[in-house]
2 protein chains.
Amino acid sequence: MTPHDEGEAGEAGEAGPGRAGPGVSVPPSAWPTGRLLSAAARRVEREWDAYLERWSLTHASLPVLAVLAGGGRFQREIASELGVTEQTISRMLVGLERSGYLQRQRNDTDRRQHVVAITPGGRAALEALNDSVAVERLVAATLTPDQVAQLRGLLVRMLRPDAPGPRAPGPRAPELRASEGLPNGPGSQAPEG
Amino acid sequence: MTPHDEGEAGEAGEAGPGRAGPGVSVPPSAWPTGRLLSAAARRVEREWDAYLERWSLTHASLPVLAVLAGGGRFQREIASELGVTEQTISRMLVGLERSGYLQRQRNDTDRRQHVVAITPGGRAALEALNDSVAVERLVAATLTPDQVAQLRGLLVRMLRPDAPGPRAPGPRAPELRASEGLPNGPGSQAPEG
DNA sequence: TATTGTTATACTCTATAACTATA
DNA sequence: TATAGTTATAGAGTATAACAATA
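Note that this is a predicted model, so its numbers are computed, not measured.

## A few points about the sheet that holds strand β2 (residues 102-106) of chain A
All names here are of chain A.
1) Next: Pairing within the open sheet is antiparallel, and its 3 strands lie in the order β1-β3-β2. Edge strands, defined here as strands with exactly one partner in the open sheet, are β1 (73-74) and β2.
2) Next: Here β2 pairs with strand β3 (residues 114-118) via 5 bridges, running antiparallel. Following the sheet pairing, Arg 106 is matched in β3 by His 114.
3) Next: Strand contacts of helix α2 (residues 62-69): β1, β2 and β3, with the helix running at about 95 degrees to β3, the strand carrying the most contacts.
4) Next: The strands touched by helix α4 (residues 86-98) are β2 and β3; relative to β2, the strand with the most contacts, the crossing angle is about 120 degrees.

Written out as structure tokens, the structure is:
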């Protein structure tokens, strides 16, 4: 298959000869890492979500329980550890509390604070996730045990605290600027091969 | 591995003795693969989104352009290739078209169909993403070149067509059922560590 | 005034259901 | 009736801004 030699596809204005298109797809192996990450993240997130749905959890809410498994936390702490805003956490906690996975109560020392603690139910969910071979199978469907181990290692590395957090280092934008004048507007027949 | 068993890790936000909690954090290396995937997917997605923001793209919209790079498509085809609903694609296309990355026009043969084609601008964005060393650096910040290559290989494998698509094989739920009675309701003082 | 958390609002991604236009 | 796509509605996750309660 011709990797990224898609020059024959219909250009902007003219949608093509016969129909939609030849359906030429660049194989993932030829994708830049960026696109790979994009696709993999989506795939993982969605399958993982589909799986977590059984517990009314999501890829976003599960980490909250994971954090709480280590002990009670103030909302602000959870937000910080997860790298999201306090408002976001606030809403997620509502859902998790409603699901019975955690409980909140005001701190006696400082009534402004809410002490968030995981419930036995929350722990149970984590346990199930923990034991579950199903989780591994989710990935193992396409990876060998060796590869899964490899992937694990890489993921762990990526998640290391010294890794760039939610605030990416932002390798400043190239010459493109969608905000002020598009790269090569739909009209401009710029270099595009 | 016992999630809440390692009581030593970095005290997260140490709120104090009598406060929220011990702040015991289980290190990622001890997480089950599921949790790892969860965290990694979020991390990748968010950093990647932050990066793509420069082009008004997201981890979800970029794949659309990637598909279109292979040739014009009907909306239904894009939805299918991406594993999302046609309605979702419909809305994403609106945004991408507004950004000037693609154009739609009715099919002469069948007026119900819309032929979607990438514009030079869209190609330019993909190209930039393609060339950009920045993308690699996003990951390379925590991984060595060797590891990046390894990760790439694993991601490619995970994305292979013969891999389970959007519809996960659903390794049937364990004994838990959030829908009908929680694992160990907040009330039930079940085994909990 | 500063801190902790919530509500209000908005935007994206996602889904289902209902609708329009075309066949 | 079937098909292609859109609109309506909903919910999660996210963010910013404004607010309430407490200190």
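So that's the structure; there's more coming.
## Some remarks on the protein's contact with DNA strand C
1) Next: Neighbouring residues of DNA strand C: 23 residues in total, closest Gln 75, Arg 76, Ser 90 and Arg 104 of chain A together with Thr 58 of chain B.
2) Next: Counting only the atoms of DNA strand C within 4 Å of the protein, the fraction contributed by sugar and phosphate is 64%.
3) Next: Here a base nitrogen of DNA strand C sits 3.3 Å away from a polar atom, N or O, in the side chain of Arg 91 of chain A.
4) Next: In the model, a phosphate oxygen of DNA strand C is placed 2.8 Å from a nitrogen or oxygen of the His 114 of chain A main chain.
5) Next: When its residues are assigned to classes, the surface near DNA strand C shows 4 nonpolar, 9 polar and 10 charged.

## Quick look at unusual backbone geometry
Residue and element names in this part refer to chain A.
1) Next: We note that Ser 56 has phi near 60 degrees; this positive angle belongs to a residue other than glycine.
2) Next: Looking at where Ser 56 falls in the secondary structure, it is placed in the loop between α1 (33-52) and α2.
3) Next: By relative accessible area, which is 42% here, Ser 56 ends up partly exposed.

## A look at the pattern of salt bridges
1) Next: On inspection of all chains with the given rule, the structure shows 8 salt bridges over all chains.
2) Next: The partner of Glu 81 of chain A in a salt bridge is Arg 73 of chain A, with the nearest N and O atoms 2.5 Å apart.
3) Next: Taking relative accessible area as the criterion, Glu 81 of chain A reaches 32% and is therefore assigned partly exposed.
4) Next: Of the charged contacts, one joins Arg 76 of chain B and Glu 86 of chain B as a salt bridge, the two residues approaching to 2.9 Å between their closest N and O atoms.

## So, the protein's contact with DNA strand D
1) Next: Neighbouring residues of DNA strand D: 24 residues in total, closest Thr 58 and Arg 91 of chain A together with Gln 75, Arg 76 and Ser 90 of chain B.
2) Next: Counting only atoms of DNA strand D within 4 Å of the protein, the sugar-phosphate share comes to 65%.
3) Next: The separation between a base nitrogen of DNA strand D and a polar side-chain atom of Gln 87 of chain A is 2.8 Å.
4) Next: Gln 75 of chain B has a polar side-chain atom sitting 2.5 Å from a phosphate oxygen of DNA strand D.
5) Next: Counting residues per element, the surface near DNA strand D draws most heavily on α4 of chain A, at 4 residues.
6) Next: For the surface near DNA strand D, a count of residues per class yields 4 nonpolar, 10 polar and 10 charged.

So, how was this worked out
Residues numbered from 1 in each chain as written. Chains lettered and ligands numbered in written order. Predicted model: local features only at pLDDT ≥ 70, side-chain atom pairs only at ≥ 80, totals over all residues. Heavy atoms only, no water. Pairing = 2+ DSSP bridges. Helix = DSSP H or I, 4+ residues; strand = E, 2+ residues; numbered from the N terminus. Contact = heavy atoms within 4.5 Å. Axes fitted to C-alpha atoms, helices over the stretch in contact; angles between N-to-C directions. Near = heavy atom within 4 Å. Polar contact = N/O pair within 3.5 Å; in protein donor to acceptor, adjacent residues only side chain to side chain. Nonpolar A, V, L, I, M, F, W, Y, C, P; charged D, E, K, R; others polar. Buried < 20%, exposed > 50% of the residue type's maximum accessible area, 1.4 Å probe, protein only. Salt bridge = Lys/Arg side-chain N within 4 Å of Asp/Glu carboxyl O.

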